[in-house]
Structure formats: structure tokens, C-alpha cells
Amino acid sequence: MIVNKQHYRTIWPMLSAGSGRAQVAILDQTQLPHEFAIVHIANLAQMEVAIKTMQVRGAPLIGAAAAYGLALAAQEDASEEALQAAAQRLRLSRPTAVNLDWALKRMLSMLLLVPQADRASLAWSEAQAICDEDVLQNQAIGQHGLALMQQCQPKSAQVFNVLTHCNAGWLATVDVGTALAPIYAAHDAGMAVHVWVDETRPRNQGASLTAWELAQHGVPHTVISDNAGGHLMQQGLVDMVLVGADRVSGQGDVCNKIGTYLKALAAFDNGLPFYAAVPSPTIDWSVSDALSEIEIEQRHGDEVAFIQGLATNGSLQSVRLVPSGSSTANPAFDVTPARLVTGIITERGVFSPARLLDAKRA
Ligand code: MRU
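No experiment lies behind these values; they were computed from the predicted model shown.

### Let's talk about the packing of helix H2 (residues 59-76) against helix H5 (residues 116-151)
Where H2 meets H5, the axes come as close as 8 Å, and the angle between the chain directions of the two elements is 170°. Between H2 and H5, the angle is such that the two are roughly antiparallel. Contacts between H2 and H5 involve Pro-60, Ala-64, Ala-67, Tyr-68, Ala-71, Leu-72, Ala-74 and Gln-75 from the former and Ala-120, Ala-123, Trp-124, Ala-127, Gln-128, Ile-130, Cys-131 and Asp-134 from the latter.

### Concerning the site of the ligand
Taken together, 19 residues lie near the ligand, and Arg-57, Arg-94, Gln-205, Asn-256 and Lys-257 sit nearest. Here Asp-246 contributes a side-chain N or O atom positioned 2.9 Å from an oxygen atom of the ligand. Measuring from an oxygen atom of the ligand, one finds a side-chain N or O atom of Lys-257 at 2.7 Å. For the shell around the ligand, the secondary-structure elements that each account for two or more residues are H2 and strand S11 (254-257).

### Some details on the packing of aromatic side chains
Within the structure shown, the criterion is met by five aromatic pairs. Ring geometry for Tyr-8 and Phe-36: centres 4.9 Å apart, planes at 70°, overall edge-to-face. You can see Tyr-8 sitting in the loop between strand S2 (6-7) and strand S3 (11-15) and its partner Phe-36 sitting in the loop between strand S4 (22-27) and strand S5 (38-41), a full 28 residues away along the chain. Accessibility expressed as a relative area gives 27% for Phe-36, which makes it partly exposed. Here the aromatic rings of Phe-36 and Trp-212 are separated by 6.0 Å at their centres, their planes lie at 25°, and the arrangement is stacked. Taken as a pair, Phe-36 in the loop between S4 and S5 and Trp-212 in helix H7 (residues 205-217) lie far apart in primary sequence, 176 residues in all. Using a relative accessible area of 12% as the deciding quantity, one classes Trp-212 as buried.

### Notes on the sheet that holds strand S18 (residues 349-351)
Pairing in this open sheet of seven strands is mixed, and the strands run S8-S7-S6-S9-S12-S17-S18 from one edge to the other. Looking at the sheet topology across the chains shown, the edges are occupied by strand S8 (221-224) and S18. This sheet shows a mean twist of 25° between the axes of neighbouring strands, independent of strand direction. Across three bridges, strand S12 (residues 274-277) lies against strand S17 (residues 343-346) in parallel orientation. From the neighbouring strand, Ala-277 faces S17, where its bridge partner is Ile-345. Seen against the sheet, helix H6 (residues 180-188) touches strand S6 (160-164), strand S7 (193-198) and strand S9 (240-243) and runs at an angle of roughly 155° to S7.

### Considerations on the domain arrangement of the protein chain
We note that the domain assignment places domain 1 (2-134) and domain 2 (153-361) within the protein chain. Each of domain 1 and domain 2 was reduced to a C-alpha centroid, and the two centroids are 24 Å apart. The partner domain 2 presents 34 residues to the 34 residues of domain 1 that form the contact. Both faces combined, the contact of domain 1 with domain 2 buries some 2800 Å², and carbon together with sulfur accounts for 56% of it. Where domain 1 packs against domain 2, one counts one salt bridge. A salt bridge links Glu-297 to Arg-94; the shortest N-O distance between them is 2.7 Å. Of all the secondary-structure elements, those providing two or more residues to the side of domain 1 that touches domain 2 are strand S1 (2-3), H2, helix H4 (98-111) and H5. Residue contributions to the side of domain 1 that touches domain 2 peak at four residues, all from H2. A per-class count over the side of domain 1 that touches domain 2 returns 18 nonpolar, 11 polar and five charged.

### A look at the nonpolar core
By size, the foremost hydrophobic cluster in this structure holds 45 residues, and its most contacted members are Ile-11, Val-24, Met-47, Ile-51, Tyr-68 and Leu-70. Looking at this core, the elements that each hand over two or more residues are S4, helix H1 (44-52), H2, helix H3 (80-91), H4 and H5. The greatest single-element share of this core, amounting to 13 residues, is contributed by H2. With sequence-adjacent residues up to four places away left out, Met-47 is seen in contact with Ile-11, Val-24, Ile-41, Ala-65, Tyr-68, Gly-69, Leu-72 and Leu-90. Residues Phe-160, Leu-171, Ala-179 and Ile-183 belong to the second largest nonpolar core, which totals 34 residues.

Conventions used here
Residues numbered from 1 in each chain as written. Predicted model: local features only at pLDDT ≥ 70, side-chain atom pairs only at ≥ 80, totals over all residues. Heavy atoms only, no water. Axes fitted to C-alpha atoms, helices over the stretch in contact; angles between N-to-C directions. Helix = DSSP H or I, 4+ residues; strand = E, 2+ residues; numbered from the N terminus. Parallel < 35°, antiparallel > 145°, perpendicular 65-115°, else oblique. Contact = heavy atoms within 4.5 Å. Near = heavy atom within 4 Å. Polar contact = N/O pair within 3.5 Å; in protein donor to acceptor, adjacent residues only side chain to side chain. Phe/Tyr/Trp six-rings, centres within 6.5 Å; stacked < 30°, edge-to-face > 60°. Buried < 20%, exposed > 50% of the residue type's maximum accessible area, 1.4 Å probe, protein only. Pairing = 2+ DSSP bridges. Domains from an automatic or database assignment. Buried area = accessible area lost by both parts, 1.4 Å probe. Salt bridge = Lys/Arg side-chain N within 4 Å of Asp/Glu carboxyl O. Nonpolar A, V, L, I, M, F, W, Y, C, P; charged D, E, K, R; others polar. Core = buried A, V, L, I, M, F, W, Y, C linked by side-chain atoms within 4.5 Å.

Following this line, the structure appears as C-alpha cells:
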């Protein structure tokens, strides 16, 4: 990703100037779009907090952050007991995105094969490998998604309109993004593409993050309230709904940010294609009934009761929207059943839910 003409990833290892020990640099996504802040993570506890508080978020990035969290832990104590305990702490930091568990399992299975003295250096190189693979997978998703967009007949001769929910761009991954990867590829290939960006209450990942990164890349976009999508579809102003996912079942059910299901229903009713773009680590082949088996993260009700923004004096502030006596509920994800999903765009190609097993074999 390019920010102010400089190339960044969302996470990278670095040496601390003071201690000479390895640390991890992240972009603090709780400050965006108002401040571009790089934060240094020095230990396991800090990485756990960064994931819980969503300084890093988005399924692939959570996986990469967990891998680096384990590398930080291995730097302190690389015994099997310490690594298992560290992995368990990280595993509990956010429950829904399967990439987190996937990355921890991959790291542990590698680390426990080698002598304790070799584990810390292996942990850093394996975390780096996870990051590099994520970038390659997302680039491939971009090309497969671009081909889909080129085959699709847009309603207007002037522009191809995509509607997206939450943030599944480079901020949600190590780089490139999943759902936004085809959009960047289309824009770079000279296709006139415009994105309807759902604001994505309560955390506003669309309004804050997707809008910001699309603007950095120069992609035309319009932020809409979460309730506007169905209306725009009825008006013929949407050609494709394209989202990311936190977990996709082997049957092609898509678990993604709360509100995705309603967009899929509206797309279905309007005969519009609904695609989820996911790298293979986001597919959980062990899940057969997504609705009952995927744990939906329940976040604090204050995320619903309050809204954060930039005050006129330039400071980031949180203000209350909801009467103090009202109770709030905050389920963070929902499941879109496979029957509403046109296809899953993976690094190995595009698969209908019924043919998703082919993605495993490809
Ligand atoms: O709660 P978040 O911001 O971590 O949720 C992110 C999403 O729901 C994304 O759509 C999903 O992780 C896909 S990211 C490529």
C-alpha cells in the first residue's frame, strides 16, 4: 500500500533502537483516518491488547499479528509450555476470524519440531513467511476478481459499481486486501470503477478505513449509511456486492462483519452477484453448520452507545448517541448462508459454494 507516496505493509518486524531486541511495528487502526500512527509492539501482552482493541484487525492481519505475537513470546521463553500458553492467550483475543487459530497452529507445529534454542529465530522467519504468503494470495485474488468484473455486464456504460461492507482492503491484510484487491486491480488496469462504501456501524470500518485507503489509491468511492445499500440496488446503481470474510465454511457459508447478511439478501432479491474474496486460510473445512458452529464475537455495548470522531478542535473524541438508560447489544459478525453466495474468490480461482471443495484440491 502507498501512503503519502511511501510503500507500507500493515505489520513488519524491526529492531528496537534501545534494547537491540526484535519488535513488531503496526499501524494503529483505531486512529485512522485522522492520524497515521505507527506503534511498536515489544511483547506478547502488547500484541494481545493490539488485537483485542482492534489496533490491528481484519482476519488475515489478525493471523499475521498472532504469528508475530508468538515470535515475541518465543524471544522471552521458547519452552513448549510457554509457547502453548502464549498461543492460548492470543487465540482468545478474538474468536471469530479463523486465520488467528490457523496461524497459531502453523507456528506451533513448526516451532515444536526444532530444539528450544532454535525456536525464536524460526518463529520470526515463519511469521514473515505467513505475511509474504498473504500478500501473494491477495494479489492472485485481485487478478481472479478482476477477470470476474471484466466478464460482468455493468448496468451503466460509464462505470462499474461495487458495493462493499466493512474493510477488507490492505488495512485488513498484510497488504493488497481481499475484497478490495480486485477493485485496485481494476482501477490500475484502467477500468472505471466506483465503490459504494457501507459505513459499517458500530466501529465504522467502512467510513474510517475503506474510504481512507480507497482515497489513498485514488479510487472513486462514496460512503453510504448502512441502510442505503438495498435502495441503491433497486435503483440499478450496484453491479456487484464484494466483501471479505472472517471464516467461510466448507459449504460456502460466509461469516463476515455484522450487516453482511442483509446486503446478501438485498443482492439476492435484486438478482445481483454477491461474492466473498478470501485467501485459503480463511476457509474452515472443519465447520459443517456455520450458524451453530462459528462463535460470533460479542463486543462491548459501548461501541454501539458511543461514536468516535474528530472534534472541531482537532482532537479525537467519543460522544454518546444512546440514552444512558438504554441497554445495547453488539454482535460483531453474521453468517450469510451459501444459498445467497454467488461465488468465493480465492487465490486459486473463483468457486461456487457447491464447488468450494475444488479450491482445496486445486
Ligand atoms: O472486526 P473487524 O474489523 O476485524 O472485521 C473485519 C471484517 O469483517 C472483514 O471483512 C474480514 O475480516 C475480512 S478482511 C480481509
